[in-house]
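Understanding the architecture of this molecule
Okay, here's what each chain looks like letter by letter:
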Amino acid sequence: YPQPDLAPGQTAPTLMNGPGYSSGGAAESDATVQAALEHGYNVLTWDPRGFGQSGGQVKIDSPMFEGRDAQALIDMLAEQPEVQLDKPGDPRLGMVGVSYGGGIQLVTAALDERVDAITPQIAWNSLVSSLGKDNTAKGGWGLILSGVGTVGSIPGLGGDPLAFGGAGRQTPEVTTALVNGLTTGKYSSADLDFFRARGPDA
């Protein structure tokens, strides 16, 4: 959403507004988007892989997947005529977002020095400690996150005509970890390795 008050040839700083888990990108009518536009920013929202209209499989803010996706979005922003640049290929860029949208800020800023400012809210450093401190599975949170992730990535429910089956397009390791956590109270070593490779702690 380009800054609406720019004169021809003018540029503005840009905010990337990342959505929460299971959600697609915010519409122009969203309160955060409107506030940013009113304060002089361009705003980029997007459907993370596996959610909304985006293809692919949800990889839980993996640096190798969603992190690289965010870097590709920064590349795209650097080519837009309304986007203020600090130097060629480097937009004047901040990131906002809650939860999953907070996690991607931490991951992206760790990968890409072009991110100038982040404001993650209710995000996490390590999924190992936030979902299973001392390897004690948080079944309630696990069920909620797995459930909304499934709903957000199933055709007709998440707004995308593509899906990978009954668990939607979440990576199957999420379901495996949930089952292990609910049945034994603990995560397997493979579950823990999967969570360690996701989010900013990686």
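Calculation rules
Residues numbered from 1 in each chain as written. Predicted model: local features only at pLDDT ≥ 70, side-chain atom pairs only at ≥ 80, totals over all residues. Heavy atoms only, no water. Helix = DSSP H or I, 4+ residues; strand = E, 2+ residues; numbered from the N terminus. Buried < 20%, exposed > 50% of the residue type's maximum accessible area, 1.4 Å probe, protein only. Contact = heavy atoms within 4.5 Å. Areas by Shrake-Rupley, 256 points an atom, 1.4 Å probe, with all protein chains shown as cover. Lys, Arg positive; Asp, Glu negative; His and termini not counted. Salt bridge = Lys/Arg side-chain N within 4 Å of Asp/Glu carboxyl O. Polar contact = N/O pair within 3.5 Å; in protein donor to acceptor, adjacent residues only side chain to side chain. Axes fitted to C-alpha atoms, helices over the stretch in contact; angles between N-to-C directions. Parallel < 35°, antiparallel > 145°, perpendicular 65-115°, else oblique. Left-handed = near helix turned anticlockwise from the far one by under 90°. Pairing = 2+ DSSP bridges. Right-handed = clockwise from strand over helix to strand, strands pointing away. Phe/Tyr/Trp six-rings, centres within 6.5 Å; stacked < 30°, edge-to-face > 60°.

1. Re the overall build of the chain
Assigned secondary structure in the chain consists of seven helices and six strands. Traced from its N-terminal end to its C-terminal end, the chain shows the element sequence β-α-β-α-β-β-β-α-β-α-α-α-α. Split into buried and exposed, the 202 residues of the chain put 44% on the buried side. Taking as baseline every contact in the chain between residues at least 6 positions apart, the subset at least 24 positions apart corresponds to 62%. Accessible surface, the chain: about 9,600 Å² in total, of which carbon and sulfur atoms supply 57%.

2. Examining the environment of lysine 59
For lysine 59, the position within the fold is in the loop between β2 (42–45) and α2 (63–77). For lysine 59, a relative accessible area of 15% corresponds to the buried category. Residues lysine 59 and arginine 49, spaced 10 residues apart in sequence, show a C-alpha to C-alpha distance of 7.8 Å. Residues contacting lysine 59, with those up to four places away along its chain left out, are Arg49, Phe65, Glu66, Thr171 and Arg198.

3. Some points on the environment of arginine 68
Here arginine 68 shows up in helix α2. Residue classification places arginine 68 among the partly exposed residues on the basis of a relative accessible area of 48%. Between the C-alpha atom of arginine 68 and that of threonine 108, which follows or precedes it by 40 residues, the distance is 7.8 Å. Beyond its immediate sequence surroundings of up to four residues, arginine 68 is in contact with Pro63 and Leu111.

4. Some details on the side chain of aspartate 61
Its location among the elements puts aspartate 61 in the loop between β2 and α2. For the buried aspartate 61, no salt bridge exists, and the shortest N-O distance to an oppositely charged side chain is 8.9 Å, to arginine 49. Of note is the side chain of aspartate 61, whose polar atom sits 3.1 Å from the backbone nitrogen of isoleucine 104. Those residues in contact with aspartate 61 that lie beyond four places of it in its chain are Glu66, Tyr100, Gly103, Ile104, Val107, Trp124, Arg198 and Gly199.

5. Some remarks on the pattern of salt bridges
All chains considered together, the criterion is met by five salt bridges. Note that aspartate 69 is salt-bridged to arginine 49, the shortest N-O span being 2.7 Å. In this pair, aspartate 69 sits in helix α2 while arginine 49 sits in the loop between β2 and α2, placing the two residues 20 residues apart along the sequence. Residues arginine 114 and aspartate 112 are paired through a salt bridge, measuring 2.7 Å at the closest nitrogen-oxygen approach. Assigned by exposure class, arginine 114 and aspartate 112 land together as buried.

6. Brief notes about the packing of helix α6 (residues 172–184) against helix α7 (residues 189–196)
In the contact formed by α6 and α7, the axes pass within 10 Å of each other and the chain directions differ by 130°. Our classification of the angle between α6 and α7 gives oblique. Taken as a pair, α6 and α7 cross one another with a handedness that is left-handed. Along the contact surface, α6 presents Glu173, Val174, Thr176, Ala177 and Asn180, while α7 presents Asp191, Phe194 and Phe195.

7. A closer look at the pairing of strand β1 (residues 14–18)
The buried count for β1 comes to five of five residues, which makes it a mostly enclosed element. Relative to β2, β1 runs parallel, the two being bridged by four bridges. Among the inter-strand pairings, threonine 14 is bridged to a residue of β2, identified as asparagine 42. You can see the chain leave β1, run along helix α1 (residues 31–38) and come back into β2, and the turn it takes is right-handed. Two elements, β1 and strand β5 (residues 93–98), share five bridges in a ladder whose sense is parallel. Counterpart to asparagine 17 in the pairing with β5 is valine 96.

8. Section: the packing of aromatic side chains
Scanning the entire structure with this criterion turns up five aromatic pairs. Between phenylalanine 51 and tyrosine 100, the ring centres sit 6.2 Å apart and the planes meet at 80°, which makes this aromatic pair edge-to-face. With phenylalanine 51 in the loop between β2 and α2 and tyrosine 100 in helix α3 (residues 100–111), this pair connects stretches of sequence that are 49 residues apart. Owing to a relative accessible area of 0%, phenylalanine 51 belongs among the buried residues under this scheme.

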